[in-house]
Amino acid sequence: MRKVYLDHNATTPVHPEVVKAMLPYFSERFGNPSSVHSFGQEAKHAMDEARGAVATAIGAKRDEIVFTSGGTEADNIAVTGVTSALSNKGRHIITSTIEHHAVLSTCQHLASMGFELTELPCDGHGIVDPQSVREAVRKDTVLITIMHANNETGVIQPIEEIGKIALEHGIVFHTDAVQSLGKLPLDVNALGVNLLSVSSHKLYGPKGVGALFVRRGTPLAPSTFGGHHERKRRAGTENVSGIVGFARAVELATLDMEARQGRVLQLRRKLEEGVLSTIPNVRLNGHPTKRLPSTASLCFEFIEGESLVLSLDMEGVAVSSGSACTSGSSEPSHVLLAMGVPPAIAQGSVRFSLGTENTESGVDYVLDVLPKIVERLRVMSPLFRQSGTCVGEGTAG
Ligand code: PLP
């Protein structure tokens, strides 16, 4: 059976060159970077080089990169670290309703511990208005955390504008750029952020490794305790092979990024146009242009996104409903609900996220199998029959 993987926002295959770069660090170069002997120093040197590569990719300095176990940990360290360091100054946090749970649940946990949380809404296109950030600022606001690009819709937030507001008020600003690195140019200075989270497995690197950019001078209390690793910001022996692989993946992803992402965008447009022109009652979620090249979130009315995901899987096509981290739960996506999509329609959402190895013929294959699956599922759907939409469309017979 033909296989077409369109779930790159969930994870990506590890690039063969990344595997090659990592392999020696499992066997002959296995040292602990904290050891003073040559084995340790070899590992430390590799990690320093990797730190330089990740820093260069986002316009940061080497000592501003803290390696973590991934995007979730980077988000946790940022949110808990800043609020804990500044808890004497204030206890108010500003975030948005569309954040990944790595940020949202961390903020909500802090709210349960006595912090005050403002969750800003977004508009119908999935964009948080910088003006609403300005209006939410209080004397006791210690952190603003708004994501760079949304994992479900791909919508890109006005981070530079929010960065200016944060700077004006002297408030620490964090952004989760896990979905953006390798797809969009990222420059921590242009964005005006104090902290920025990234993750390796979203850009053809290994899982379980990521980084947090921490601008020099940013107040950040440690959230794990142990050795003095990562300038006391993240205790624990570093995942050296993972870090080496992550850095190689970052180098590969940022090389010719514009051209490669341009091809991804063309494929996404072909997919979107193909679906919207052949299947009735489908809505595209999110801003038409301010979106990651890779991501198309579509609501197929009258059917469950989860059923569509399973049916597509039987034809070899991998996509996800809602975000990968919440799939398995039948709750409609909090991101789509925040955008004002009615719950019944949000239930029918499917995320197609393309990657650099996708091809035109893969997209053609999806455009061939998808309309038939949608038609079959709708025929079985009581909602569709009740709607009367099938009458005259020849789909119910
Ligand atoms: N933030 C965003 C926007 C994500 O999409 C993800 C993963 O889906 C994460 C954070 C968590 O990253 P990780 O899987 O590396 O923990």
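Cut-offs applied
Residues numbered from 1 in each chain as written. Predicted model: local features only at pLDDT ≥ 70, side-chain atom pairs only at ≥ 80, totals over all residues. Heavy atoms only, no water. Helix = DSSP H or I, 4+ residues; strand = E, 2+ residues; numbered from the N terminus. Contact = heavy atoms within 4.5 Å. Axes fitted to C-alpha atoms, helices over the stretch in contact; angles between N-to-C directions. Parallel < 35°, antiparallel > 145°, perpendicular 65-115°, else oblique. Left-handed = near helix turned anticlockwise from the far one by under 90°. Nonpolar A, V, L, I, M, F, W, Y, C, P; charged D, E, K, R; others polar. Near = heavy atom within 4 Å. Polar contact = N/O pair within 3.5 Å; in protein donor to acceptor, adjacent residues only side chain to side chain. Areas by Shrake-Rupley, 256 points an atom, 1.4 Å probe, with all protein chains shown as cover. Core = buried A, V, L, I, M, F, W, Y, C linked by side-chain atoms within 4.5 Å. Buried < 20%, exposed > 50% of the residue type's maximum accessible area, 1.4 Å probe, protein only. Domains from an automatic or database assignment. Buried area = accessible area lost by both parts, 1.4 Å probe.

Trainee: So what exactly am I meant to see when it comes to the environment of Ile-146 here?
Mentor: When you line up the elements, Ile-146 lands in the loop between β5 (141–145) and α6 (159–169). Taking C-alpha positions, Ile-146 is 31 Å from Ser-241, a pair spaced 95 residues apart along the chain. Excluding anything up to four places from it in sequence, Ile-146 contacts Thr-95, Ser-96, Glu-99, Leu-120, Val-128, Gln-157, Ile-159, Ile-162, Phe-173, His-174, Thr-175 and Asp-176.

Trainee: I'm lost on the packing of helix α2 (residues 38–58) against helix α8 (residues 240–254) in this one. Help?
Mentor: Put simply, α2 and α8 touch, their axes get as near as 9 Å, and they point 30 degrees apart. When the axes of α2 and α8 are compared, the pair comes out roughly parallel. Seen from above, α2 lies across α8 with left-handed handedness. Side by side, α2 and α8 meet where Ala-43, Ala-46, Met-47, Ala-50, Ala-53, Val-54 and Ala-57 of the first sit next to Val-240, Ile-243, Val-244, Phe-246, Ala-247, Val-250, Glu-251 and Thr-254 of the second. Partitioned by chemical class, the residues of the contact of α2 with α8 number 13 nonpolar, one polar and one charged.

Trainee: Teacher, can you tell me more about the site of the ligand here?
Mentor: Not every one of the 14 residues close to the ligand is listed here, only the nearest: Thr-72, Asp-176, Gln-179, Ser-199 and Lys-202. Within the side chain of Ser-199, one N or O atom sits 2.6 Å away from an oxygen atom of the ligand. In this structure, His-201 approaches the ligand through a side-chain N or O atom, which is 2.9 Å from an oxygen atom. In the complex, the protein chains occlude 89% of the 400 Å² of accessible area that the ligand would expose alone. When residues in the shell around the ligand are grouped by element, the largest group, three residues, is from helix α3 (residues 71–85). Classifying every residue of the shell around the ligand gives three nonpolar, eight polar and three charged.

Trainee: What exactly am I supposed to notice about the nonpolar core here?
Mentor: A general trend in soluble globular proteins is that nonpolar side chains are found buried together. Counting 55 residues, the largest nonpolar core has Ile-58, Ile-65, Phe-67, Ile-144, Leu-196 and Phe-246 as its most contacted members. Looking at which element gives the most residues to this core, the answer is α2, with nine residues. A domain split of this core shows at least three residues from each of domain 1 (4–11 + 256–387) and domain 2 (16–254). Not counting the four nearest positions on each side in its chain, Phe-246 is found in contact with Val-54, Phe-67, Leu-181, Val-198, Ser-199, Ser-200, Leu-203, Pro-206, Val-209, Gly-210 and Ala-211. Ranked by size, the runner-up nonpolar core spans 28 residues in total, among them Ile-303, Val-317, Leu-354 and Leu-370.

Trainee: I keep staring at the domain arrangement of the chain and nothing clicks. Help me out?
Mentor: Interfaces are frequently sized by the accessible area removed from exposure as the parts join. If you check the domain split of the chain, you get domain 1 (4–11 + 256–387) and domain 2 (16–254). Spacing between the C-alpha centres of domain 1 and domain 2 amounts to 28 Å. With 33 residues of domain 1 at the contact, the number on the domain 2 side is 33 residues. In total, about 2,600 Å² of surface goes out of reach between domain 1 and domain 2, with carbon and sulfur atoms giving 56% of it. The largest per-residue losses of area from domain 1 upon contact with domain 2 belong to Met-257, Leu-292 and His-334, which jointly make up 24% of the total buried on that side. At the level of secondary structure, the elements contributing two or more residues to the side of domain 1 that touches domain 2 comprise α9 (257–278), β10 (295–300) and α11 (334–338). Tallying contributions element by element places α11 first for the side of domain 1 that touches domain 2, with four residues.

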